[in-house]
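What follows is the residue order along each chain.
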Protein chains: 2
Amino acid sequence: MDGEQLHQLIYRYESATFTVNRRLSALIRELMPGGLTADQYGILRYIQERQRCTSSELADMFCVGKSSITAIITRLFDKELIRRMPDEKDRRIIYLQLTEKGAGVATEMEIKIQQLLARYISHFEEQEAETFIRTYEKLAKVLTEQ
Amino acid sequence: MDGEQLHQLIYRYESATFTVNRRLSALIRELMPGGLTADQYGILRYIQERQRCTSSELADMFCVGKSSITAIITRLFDKELIRRMPDEKDRRIIYLQLTEKGAGVATEMEIKIQQLLARYISHFEEQEAETFIRTYEKLAKVLTEQ
DNA sequence: TGATATAGTTCCCTTGTTGAATTGTTTTAC
DNA sequence: GTAAAACAATTCAACAAGGGAACTATATCA
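Residues numbered from 1 in each chain as written. Chains lettered and ligands numbered in written order. Predicted model: local features only at pLDDT ≥ 70, side-chain atom pairs only at ≥ 80, totals over all residues. Heavy atoms only, no water.

## As for the interface of chain B and chain A
Many structure descriptions define interface size as the accessible area lost when the parts assemble.
Reasoning step 1: At the junction of the two partners, chain B supplies 59 residues and chain A supplies 59 residues.
Reasoning step 2: Our enumeration of links across chain B and chain A arrives at 10 salt bridges.
Reasoning step 3: The closest approach of N and O atoms between E137 of chain B and R12 of chain A, which form a salt bridge, is 2.8 Å.
Reasoning step 4: Counting the contacts that link chain B with chain A gives 21 residue pairs in polar contact (both at pLDDT 80 or more).
Reasoning step 5: Of all the secondary-structure elements, those providing two or more residues to the side of chain B that touches chain A are α1 (3-31), α2 (38-50), α3 (55-62), α5 (100-121) and α6 (126-145) of chain B.
Reasoning step 6: Counting residues per element, the side of chain B that touches chain A draws most heavily on α1 of chain B, at 21 residues. (Contact = heavy atoms within 4.5 Å. Salt bridge = Lys/Arg side-chain N within 4 Å of Asp/Glu carboxyl O. Polar contact = N/O pair within 3.5 Å; in protein donor to acceptor, adjacent residues only side chain to side chain. Helix = DSSP H or I, 4+ residues; strand = E, 2+ residues; numbered from the N terminus.)

What follows is the structure, given as structure tokens:
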């Protein structure tokens, strides 16, 4: 791939990612139930998948400082969506878990987002979508490993 | 494409997009010169491409309220990166343009981001990257048209 | 045991966002 | 030709999210 080709591809990538991200996050914002934000939902989903996790792990995964995570966690805690469970052995560690209410909200939102995305992704042939996602996952992997 | 396949694809899409977006925006954040944010850069780039535009157009493109745009524009104005040019005929309209300084900063940042993305995208075969981008552009189009 | 590292929090400041109200200007309808 | 409606941009108050520095409490290491 020569320089000019690469340049063109990157330009097109920037353009597409800008449009897709802005539009999708606006659509998702509208979907959110009272008071929940997209970031808060992201945290809920992450915890739901892992069953439990720590603030530091969230900070790493979300690529932000730990103080940002503390702030979000506090808001979710105040809404009674998550629980703080201190580790028995190492008392510096506080595990985060969803409450029943938190799990309900996360699942409800997941379904809504699935429905939203389905409206757009179903426009594509299965093969095209599969190929696309596979490359996207590769990109995610490259970004994670470096 | 049946329901379960679609469900799996969407799940994988959410996962990949989360990782890519979080990682890339953290990398881009580090690249930014003193005081400029990614959103501010996005606005500069948009204006640079169109030569000039209005606040309302930016609000539409960025999918946010006009008051958000006013806030960002004011910060860029204070940094002397953009100029406000009232329309001669319709005095409600204020066109935004880059100053020389603004154009310099935008171009400098664009080069840095190109270099950053090149480090990752160059890992892919040209054909794979082309196919990927083409689908991504289609998705952007579908999202824009609805 | 004393120094160092780690997990999480707190505090302060900045940015981006919303939504409602406001100002000034233009267009429309009668 | 004027009154009403529409429109572009701004202001303001409130909040979410982010960074960084300082801090607390606990654990590990030498």
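## Quick notes on the UniProt feature "domain: HTH marR-type" (unreviewed entry) in chain A
Reasoning step 1: Under the UniProt annotation, the feature "domain: HTH marR-type" (unreviewed entry) is placed at residues 3-141 of chain A.
Reasoning step 2: For residues 3-141 of chain A, the helix share is 73%, the strand share is 9%, and the end-to-end C-alpha distance is 24 Å. (UniProt positions renumbered as here; feature names shortened; annotations may be inferred.)

## Some details on the side chain of E130 of chain B
Reasoning step 1: Among the structural elements, E130 of chain B can be located in helix α6.
Reasoning step 2: A polar contact of 3.1 Å, which involves the side chain of E130 of chain B, links it to the side chain of R12 of chain A.
Reasoning step 3: Setting aside residues no more than four positions away along its own chain, E130 of chain B makes contact with L9 and R12 of chain A.

## Things to note about the environment of E126 of chain A
Reasoning step 1: With respect to the secondary-structure elements, E126 of chain A resides in helix α6 (residues 126-145).
Reasoning step 2: The exposure class assigned to E126 of chain A is partly exposed, which follows from its relative accessible area of 32%.
Reasoning step 3: The spatial distance from the C-alpha of E126 of chain A to the C-alpha of Y13 of chain A is 22 Å, given a sequence separation of 113 residues.
Reasoning step 4: In contact with E126 of chain A, not counting residues within four places along its chain, are M1 and Q5 of chain B.
Reasoning step 5: Separated by 3.1 Å, the side chains of E126 of chain A and Q5 of chain B make a polar contact. (Buried < 20%, exposed > 50% of the residue type's maximum accessible area, 1.4 Å probe, protein only.)

## Considerations on the protein's contact with DNA strand C
Reasoning step 1: The immediate surroundings of DNA strand C are formed by 26 residues, with R29 and S56 of chain A together with T37, G65 and S67 of chain B found nearest.
Reasoning step 2: Within the side chain of K66 of chain A, one N or O atom sits 3.0 Å away from a base nitrogen of DNA strand C.
Reasoning step 3: Elements with a contribution of two residues or more to the surface near DNA strand C: α1 (3-31), α3 (55-62) and α4 (66-78) of chain A together with α2 and α4 (66-78) of chain B.
Reasoning step 4: Residue contributions to the surface near DNA strand C peak at five residues, all from α4 of chain B.
Reasoning step 5: The class makeup of the residues in the surface near DNA strand C is five nonpolar, 10 polar and 11 charged. (Near = heavy atom within 4 Å. Nonpolar A, V, L, I, M, F, W, Y, C, P; charged D, E, K, R; others polar.)

## Things to note about the domain arrangement of chain A
Residues and elements named next belong to chain A.
Reasoning step 1: Here the domain parsing of chain A yields domain 1 (1-31) and domain 2 (35-145).
Reasoning step 2: One C-alpha centre belongs to domain 1, the other to domain 2; they are set 22 Å apart.
Reasoning step 3: Residue-level contacts link five residues of domain 1 with seven residues of domain 2.
Reasoning step 4: The junction of domain 1 with domain 2 conceals about 630 Å² of combined surface from both sides, 81% of it contributed by carbon and sulfur atoms.
Reasoning step 5: Looking at the side of domain 1 facing domain 2, the largest losses of area belong to L27, I28 and L31, adding up to 71% of the total buried there. (Domains from an automatic or database assignment. Buried area = accessible area lost by both parts, 1.4 Å probe.)

## Section: the side chain of E14 of chain A
Reasoning step 1: Structurally, E14 of chain A can be placed in helix α1.
Reasoning step 2: For E14 of chain A, a relative accessible area of 16% corresponds to the buried category.
Reasoning step 3: Non-local contacts of E14 of chain A, meaning those with residues more than four positions away in its chain, are made with Y41, R45, I113, Q114 and L117 of chain B.

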